[in-house]
Structures are given as C-alpha cells and as structure tokens.
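Here's the letter readout for the chains.
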Amino acid sequence: MIAQDTIVLWNQPAAPGYYRMGLACATGFDTARPGQFVMVRTGTEATPLLRRPFSLLGLIREGDRVTGIEILFKVVGKGTQRLSRCREGDRLSVIGPLGNAFLVPETCRQLILVAGGVGVPPIRFLAQSMLEREGGFSRCVVFVGGRTKDDLVCITEFDLPGFLLDVSTDDGSQGNQGMVTRSLEKALDAGPADLICACGPSGMLKAVSVIALERGIPCQVSIEAMMACGMGACLGCAVKLQDDETRYRHVCVDGPVFDAHRLAW
Ligand SMILES: Cc1cc2nc3c(=O)[nH]c(=O)nc-3n(C[C@H](O)[C@H](O)[C@H](O)COP(=O)(O)OP(=O)(O)OC[C@H]3O[C@@H](n4cnc5c(N)ncnc54)[C@H](O)[C@@H]3O)c2cc1C
Ligand code: FES
C-alpha cells in the first residue's frame, strides 16, 4: 500500500449521478485484488479534509503491467461532487490498495455474485478475475439490483463467457420487478451454489446473508463504514462479530470483505 499522485485518464458519466474514472498510477497495484479499495483525496483545498474510500472497479493494464485503476462512484456529497468535476490530466492523491479481498476457494465451481446499486465495482472486478482463474469454474450467476434502471451501472460488463446475468429493479423499469434477493432465492431453489459474494446496501447484504445461512451456503460480503483514515489508525470503522464480542474489528483493515455469517447484523 502506498500514497501517490495519480493522473485522471478519464472521468465519464456511467449513468445518471454515477461516474467512472480511470487513474494512471505509477506503481503499487500489480497485486490488487477484487474487494480492495483506495482512499482518494477529492480536492486540493482543505475541504473535504478527509480522503474518501472507493472500491476498485478494475485494473488498467498495458501488456503484463498494471498502469492504473478504475473506480465507479455515485455523487452523494461534497467529495464525490468534486470528483465528478475532475477532468483528464488532473492529479488526485490516492492511497491503496487497502483492505482485504474476496477469496474464492479453488474448489468453488458454482459461484453466485450479488450487486446492489453502487455495490457493483468489487463484484465487476471479481467477475473479471474469475475469467483468469486457474481451473476455471462451471457456472457464475450475477444478480444485479437497483431502485430503478438508472441505478444499473456497468451491467453490460457482466456479459462474459460462462456468466448468466439476472437484473432486478424495485420499480420494474428494467429486468424483474422486485428486490434482487427474490430472484436470488428463486435461483437457489432451482440449483446449488458453492459460494455467494455480495456488495451493496446493508439491508440487501443482511437479506443475502440470511438466505445463504438458511441454505448452508458460504457467503462473503463487502461492507461499508464511515472511514476517516482507511488504515486502522482512527478506529472509526469498528464492527462486531457475533462469535467474538470481546473485541471490535475494523472494516478498513480486517475487511471490507467479511464472512457474512460472522457479522453481528
Ligand atoms: C470500503 C468502501 C468502499 C466504497 N466503495 C464505493 C464505490 O466503489 N463507489 C461509491 O460510489 N461509493 C463507495 N463507497 C462510499 C463512498 O466512500 C461515499 O459515498 C463517499 O465517501 C461519500 O463522500 P462525499 O464527500 O461525497 O459525501 P459526504 O458529504 O461525506 O456524505 C454524503 C452522504 O453520504 C453518506 N456517506 C458517506 N460515506 C458513507 C459511507 N462510507 N457509507 C455510507 N454512507 C456514507 C453520509 O452519511 C451522507 O449522508 C465506499 C465506502 C467504503 C467504506
Ligand atoms: S477508517 Fe480509520 S480505523 Fe478504519
């Protein structure tokens, strides 16, 4: 993990209120994995003072070398508004890669991925990395959900060999009408899964975790917390595990990916 000045390669609208940004990084991301995140300084002025965390959407490669990273962000406040105004050639200070990653065991043949709203980035990175996996996989079903079709970002990127995409929106404006968890339940009733990996709003992650637990399926979730430092110094991102109530874990260093069945939802 290092801090470095990166250069904005592109910053393009990906859906209403969402931007996709490419950053050239001199070094540090060769071994970055899906689930890891970066802390980005969103402006040169004092406000916002704190860096903001963003999951890696993917790596930019030139041949065998990793030359940059991509992030995808939703504009929600001051920091993301500033990011949305960045132009090609601007410099942004980035620390990363930070945190842990999704861990798909070699024995996993049937993988289920679930992404809700702005939870797409690490799931997209994980899907891409499955294609490079030694030994491959038999089947991967990706469930993507959003409130409306405007919250479905980068879904065409799940159009990958061996992947099945299942889209849901709360209002039915695209795909199945209803929550993404309803489609997930239907699919699990119809066929087995070795592992579920999910990222999205905490209500969705809790529901996915219950569904997995009821069926005895291992489940990893990437969770969010308010983060000031991103590297274990401020202790602001504490969570409790239900099987170890004696000490807190920190989302930035012990996560953001956790075994869903261990979290005290
Ligand atoms: C590990 C991690 C990975 C993340 N990955 C992504 C990503 O890939 N794309 C993306 O768009 N966002 C991601 N986020 C959330 C992102 O960091 C926040 O949206 C961002 O920091 C908001 O900054 P802001 O200055 O625009 O908003 P602020 O002005 O700081 O806040 C605006 C509103 O957003 C809420 N908010 C701010 N940060 C968070 C947070 N971490 N969790 C929940 N609510 C928050 C605030 O409570 C407030 O209501 C991630 C967060 C974490 C912890
Ligand atoms: S954000 Fe500071 S300890 Fe996690």
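Residues numbered from 1 in each chain as written. Chains lettered and ligands numbered in written order. Predicted model: local features only at pLDDT ≥ 70, side-chain atom pairs only at ≥ 80, totals over all residues.

Concerning the nonpolar core
For clarity, the threshold we go by: In these notes, a nonpolar core means any group of buried Ala, Val, Leu, Ile, Met, Phe, Trp, Tyr and Cys residues linked to one another through C-beta atoms within 7 Å. Counting other C-beta atoms within 10 Å of each residue's C-beta, where C-beta atoms are placed from the backbone, gives the exposure class: buried for 20 or more, exposed for 12 or fewer, partly exposed between. Helix and strand assignments follow DSSP, with helices taken as H or I runs no shorter than four residues and strands as E runs no shorter than two, numbered in order from the N terminus. With C-beta atoms placed from the backbone, a contact is any residue pair whose C-beta atoms sit within 7 Å.
Judged by nonpolar contacts, the single largest core of 71 residues is most densely connected at Val38, Leu113, Val114, Ile196 and Val208. At six residues, the largest contribution of residues to this core is made by helix α4 (residues 202-215). Among residues more than four places away in sequence, those in contact with Leu113 are Ile123, Leu126, Ala127, Cys140, Val142 and Cys197.

Observations concerning the sheet that holds strand β5 (residues 58-62)
Which entries qualify depends on this criterion: The rule for pairing is simple: two strands pair if DSSP sees at least two bridges between them. Axis definition: a line fitted to C-alpha atoms, limited for helices to the stretch in contact. Angles are taken between N-to-C directions and run from 0 to 180 degrees.
Spatially, β4-β3-β7-β1-β2-β6-β5 is the arrangement adopted by the seven strands of the open sheet, whose pairing is antiparallel. What marks the edges here is a single partner per strand, and that holds for β4 (52-55) and β5. Averaged over all neighbouring strand pairs, the angle between strand axes comes to 40 degrees, with direction disregarded. As judged from the six bridges shared by strand β1 (residues 2-15) and strand β7 (residues 91-98), these two strands associate in the antiparallel manner.

With respect to helix α2 (residues 120-131)
This is how the line gets drawn: The length a helix should cover is 1.5 Å for every residue beyond the first.
For α2, with twelve residues, the first-to-last C-alpha span of 17 Å sits near the 16 Å given by 1.5 Å per residue. Within the sequence span of α2, burial applies to Val120, Pro121, Pro122, Ile123, Arg124, Phe125, Leu126 and Ala127.

Looking at α4
If you check α4, its first and last C-alpha atoms are 20 Å apart, about what 14 residues at 1.5 Å a residue would give, namely 20 Å. Turning to α4, its buried residues are Met204, Leu205, Ala207, Val208, Ser209, Ile211 and Ala212.

Quick notes on unusual backbone geometry
Cis geometry marks the peptide bond from Gly96 to Pro97, where omega comes out at 0 degrees. Relative to the helices and strands, Pro97 resides in strand β7. A cis amide bond links Gly255 to the next residue, Pro256, at an omega of 10 degrees. With respect to the helices, strands and loops of the structure, Pro256 is situated in the loop between β15 (244-250) and β16 (257-259). Even without a glycine there, the phi angle at Cys154 is positive, about 60 degrees. The residue Cys154 is located in the loop between β9 (139-146) and β10 (163-169) in this model. Of the residues examined, Cys154 has 20 C-beta atoms within 10 Å and is grouped as buried. Non-glycine residue Leu235 carries a positive phi angle of around 60 degrees.

Concerning the packing of helix α3 (residues 180-190) against α4
A packed helix pair is summarised by two numbers, namely the angle formed by the two axes and the spacing between the axes. To be explicit about the condition: Under this scheme an angle from 65 to 115 degrees is roughly perpendicular, one under 35 degrees roughly parallel, and one over 145 degrees roughly antiparallel; angles in between are oblique. Each crossing gets its hand from how the near helix is turned against the far one by less than a right angle, where anticlockwise is left-handed and clockwise is right-handed.
The geometry of α3 relative to α4 is characterised by a closest axis approach of 10 Å and an angle of 15 degrees between their N-to-C directions. Accordingly, the angle class assigned to the pair α3 and α4 is roughly parallel. In this structure, α3 meets α4 at a crossing whose hand is right-handed. Packed against α3, whose contacting residues are Val180, Thr181, Leu184, Glu185 and Leu188, the element α4 presents Met204, Ala207, Val208, Ile211 and Arg215 at the interface.

Comments concerning the pairing of β4
Burial along β4 is two-sided: Arg52 and Phe54 facing one way and Pro53 and Ser55 facing the other are all buried. Two strands pair when backbone bridges link them, and strand β3 (residues 37-40) and β4 are joined in this way by four bridges, in the antiparallel orientation. Within β4, the position partnered with Val40 by the bridge is Arg52.

So, the sheet that holds β16
In spatial order, the strands read β11-β10-β9-β8-β12-β13-β16; together these seven strands make up an open sheet with mixed pairing. Strand pairing shows two members of the sheet lacking a second neighbour, β11 (176-177) and β16, which therefore form its edges. Relative to β11, β10 runs parallel, the two sharing two bridges. Paired with Ser168 across the bridge in β11 is Asn176. The sheet strands contacting α2 are β8 (110-116), β9, β10, β12 (195-199) and β13 (219-222), and the helix crosses β8 at an angle near 155 degrees.

Quick look at the domain arrangement of the protein chain
Here is the rule we go by: Domain delimitation follows an automatic or database domain assignment. Nonpolar residues are Ala, Val, Leu, Ile, Met, Phe, Trp, Tyr, Cys and Pro. Charged residues are Asp, Glu, Lys and Arg, and all others, Gly as well, are polar.
Each assigned domain of the protein chain is listed here: domain 1 (2-98) and domain 2 (110-222). Here domain 1 and domain 2 have C-alpha centroids that lie 24 Å from each other. Each partner contributes to the interface: domain 1 provides 13 residues, whereas domain 2 provides 13 residues. Those elements that place two or more of their residues in the side of domain 1 that touches domain 2 are β1 and β6 (65-74). No other element matches the three residues that β6 contributes to the side of domain 1 that touches domain 2. Partitioning the side of domain 1 that touches domain 2 into residue classes produces nine nonpolar, three polar and one charged.

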